[in-house]
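Survey of secondary and tertiary structure
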Amino acid sequence: MASSPELLHDFPPFLQVYNDGRIERLITTPRLPPSTDPITGVQSKDVVISSDHETKSRIFLPKLNPQDPPKKLPLIIYIHGGGFCIGSPVNIVTHSFLTPLVSQTPAVAIAVGYRLAPENPLPTAYHDCWAAFQWIAAHSTGSGPDPWINDYVDTSRVFLVGESAGANLAHFVTVQAGVSKPGLDIQGLIALHPYFSEKEPDKMIQYLYPGSSSSDDDPKLNPRSDPDLEKMGCSRVFIMVAEKDFLKQRGIDYMETLKKSKWEGSVEFVENEGEDHCFYLFNPRSEKAKGVIQMLISFVNQV
């Protein structure tokens, strides 16, 4: 009689790993096909950015009145969270977050797909997100591979948005853009309930990122250790934390790190009172979640 698989690693609420190689994700979210939203008219479609792997990214386009004169819109580059190991740019959570943001701003958005750990150990996600940004930057002259971006995006009004681990990835991309200047003009970075490492190593990150200390001395995991921080390629950062979130202090530390650095931009900071980590994703129709969307719209449309 075969013995039952032994649990090797248990990282709630994210995943469990067994000695037979099986990885069980503890949170699964329904994926949605590209569509036209019946309420807002927001259209979506999928693109595969890299021929090396089939990870999809999804582009969202607001409803446009054909009688209005042609108008270029800001671009929101969204990177989902999920501890680097769960989440998707094509699931119902991403749709529920981006549809009102795209419709009401209005803006074009692209939800970036990246390969998940541990099947694809970190820093794969960082490389994938940077490759996606470079693919988007290929549209800066109006002759990139995607017609929606060519026709409707103002490449001088680009915003990076991410929550939790996605905020970490969005920060990384923004710094790399400042270093290499690939042709997109990033106006702002929005870091929602961001994850960054602390001095004490994170056991799950140690497993997902075997080449790292998983501590605050890794420049990808903590901007305080990044020698290129002062080159961050935007002039404004919006940081949001939640009062009951165990990551709250890390968002505060991120704000203080930016303010103490030689980066010359401005930082806006908001705390969601009485709320927990990424509450607006799990209850998107609540009044507080709608308030988050309005704050993001205001930041994007700020002149």
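Residues numbered from 1 in each chain as written. Predicted model: local features only at pLDDT ≥ 70, side-chain atom pairs only at ≥ 80, totals over all residues. Heavy atoms only, no water.

- Looking at an unreviewed UniProt entry, the protein carries the name Alpha/beta hydrolase fold-3 domain-containing protein, with the source organism given as Lactuca virosa.
- Comment text from UniProt for the protein, heading Sequence similarities (unreviewed entry), reads "Belongs to the 'GDXG' lipolytic enzyme family." (UniProt positions renumbered as here; feature names shortened; annotations may be inferred.)

A few points about the sheet that holds strand β2 (residues 15-18)
- Pairing in this open sheet of three strands is antiparallel, and the strands run β1-β2-β3 from one edge to the other. Either end of the sheet is taken by a strand with one partner, and the two such strands are β1 (7-11) and β3 (23-25). Neighbouring strand axes in the sheet, compared pairwise and without regard to direction, differ in orientation by 10° on average.
- Inspection of the sheet shows β2 paired to β3 by three bridges, in the antiparallel sense. Each residue of the ladder has a partner; that of Leu-15, found in β3, is Arg-25. (Pairing = 2+ DSSP bridges. Helix = DSSP H or I, 4+ residues; strand = E, 2+ residues; numbered from the N terminus. Axes fitted to C-alpha atoms, helices over the stretch in contact; angles between N-to-C directions.)

Quick word on the UniProt feature "domain: Alpha/beta hydrolase fold-3" (unreviewed entry) in the protein
- Feature annotation in UniProt assigns "domain: Alpha/beta hydrolase fold-3" (unreviewed entry) to the following positions: residues 76-280.
- Secondary structure within residues 76-280 divides into 34% helix and 20% strand; the distance between the first and last C-alpha atoms comes to 18 Å.

Thoughts on the layout of surface pockets
- Computed from the structure, the largest pocket encloses a volume of approximately 810 Å³.
- Every residue lining the largest pocket is counted, 37 residues in all, and those nearest its centre are Phe-14, Gly-81, Gly-82, Gly-83 and Ile-86.
- If you list the elements that add at least two residues to the lining of the largest pocket, you get α1 (92-104), α5 (203-208) and α7 (279-282).
- Approximately 650 Å³ is the volume found for the second largest pocket.
- Together, 26 residues line the second largest pocket, and His-95, Ser-96, Thr-99, Pro-100 and Arg-285 are the ones closest to its centre. (1 Å grid on protein atoms, 1.4 Å probe; cavity = no way out; pocket = protein on both sides within 12 Å on 5 of 7 lines; lining within 4 Å. Points joined across faces, edges and corners; volume = space filled by probe spheres on them.)

So, the packing of aromatic side chains
- By the definition in use, this model includes 11 aromatic pairs.
- Taken together, a centroid distance of 4.6 Å and an interplanar angle of 40° make the contact between Phe-196 and Tyr-254 tilted. Here Tyr-254 lies in helix α6 (residues 248-260) and Phe-196 lies in the loop between β9 (186-192) and α5, a separation of 58 residues in the sequence.
- Phe-196 gets classed as buried once you look at its relative accessible area, which sits at 2%.
- Between the aromatic rings of Phe-238 and Phe-299, the centroid separation amounts to 5.6 Å while the plane-to-plane angle is 45°, which identifies the pairing as tilted. (Phe/Tyr/Trp six-rings, centres within 6.5 Å; stacked < 30°, edge-to-face > 60°. Buried < 20%, exposed > 50% of the residue type's maximum accessible area, 1.4 Å probe, protein only.)

Brief notes about empty space enclosed by the protein
- Enumeration over the complete set of coordinates arrives at one cavity of 30 Å³ or more.
- Roughly 60 Å³ of internal volume is contained in the largest cavity.
- Taken together, Ile-49, Ser-50, His-53, Thr-55, Lys-56, Ser-57, Gly-113, Asp-128, Ala-131 and Ala-132 form the lining of the largest cavity.
- The set of elements that each furnish at least two residues to the lining of the largest cavity consists of β5 (56-61) and α2 (124-137).
- Residue composition of the lining of the largest cavity, grouped by class: three nonpolar, five polar and two charged. (Nonpolar A, V, L, I, M, F, W, Y, C, P; charged D, E, K, R; others polar.)

Topic: the sheet that holds strand β4 (residues 43-48)
- Ordered in space as β4-β5-β7-β6-β8-β9-β10-β11, the eight strands form an open sheet in which the pairing is mixed. Edge positions in the open sheet fall to β4 and β11 (266-272), since each of these has one partner strand only. Each adjacent strand pair in this sheet contributes to an overall mean axis angle of 20°, direction not counted.
- Note that β5 and strand β7 (residues 108-112) share three bridges and pair antiparallel. Looking across to β7, one finds that Arg-58 is bridged to Ala-111.
- Contacting β4, β5, β6 (73-79), β7, β8 (153-163) and β9, α1 runs over the sheet at an angle of about 30° to β5. (Contact = heavy atoms within 4.5 Å.)

Digging into the packing of α1 against helix α8 (residues 287-301)
- Across the interface, α1 lies against α8 with an axial gap of 10 Å and an inter-helix angle of 45°. Here α1 lies oblique to α8, going by the angle between them. Taken as a pair, α1 and α8 cross one another with a handedness that is right-handed. Contacts from Phe-97, Pro-100, Leu-101 and Gln-104 of α1 reach α8 at Ile-293, Gln-294, Leu-296 and Ile-297. (Parallel < 35°, antiparallel > 145°, perpendicular 65-115°, else oblique. Left-handed = near helix turned anticlockwise from the far one by under 90°.)

Looking at the pattern of salt bridges
- Applying the stated criterion across every chain, the model contains 11 salt bridges.
- Between Glu-275 and Lys-288 there is a salt bridge, with its nearest N and O atoms 3.5 Å apart. Residue Glu-275 is located in the loop between β11 and α7, and its partner Lys-288 is located in helix α8; the two are separated by 13 residues in the primary sequence.
- For Lys-288, a relative accessible area of 44% translates into the label partly exposed.
- For Glu-287, the salt bridge goes to Lys-290, with nearest N and O atoms at 3.7 Å. Of this pair, Glu-287 and Lys-290 are both found in helix α8, three residues apart, which corresponds to roughly one turn of the helix.
- Judged by relative accessible area, which is 61%, Glu-287 ranks as exposed. (Salt bridge = Lys/Arg side-chain N within 4 Å of Asp/Glu carboxyl O.)

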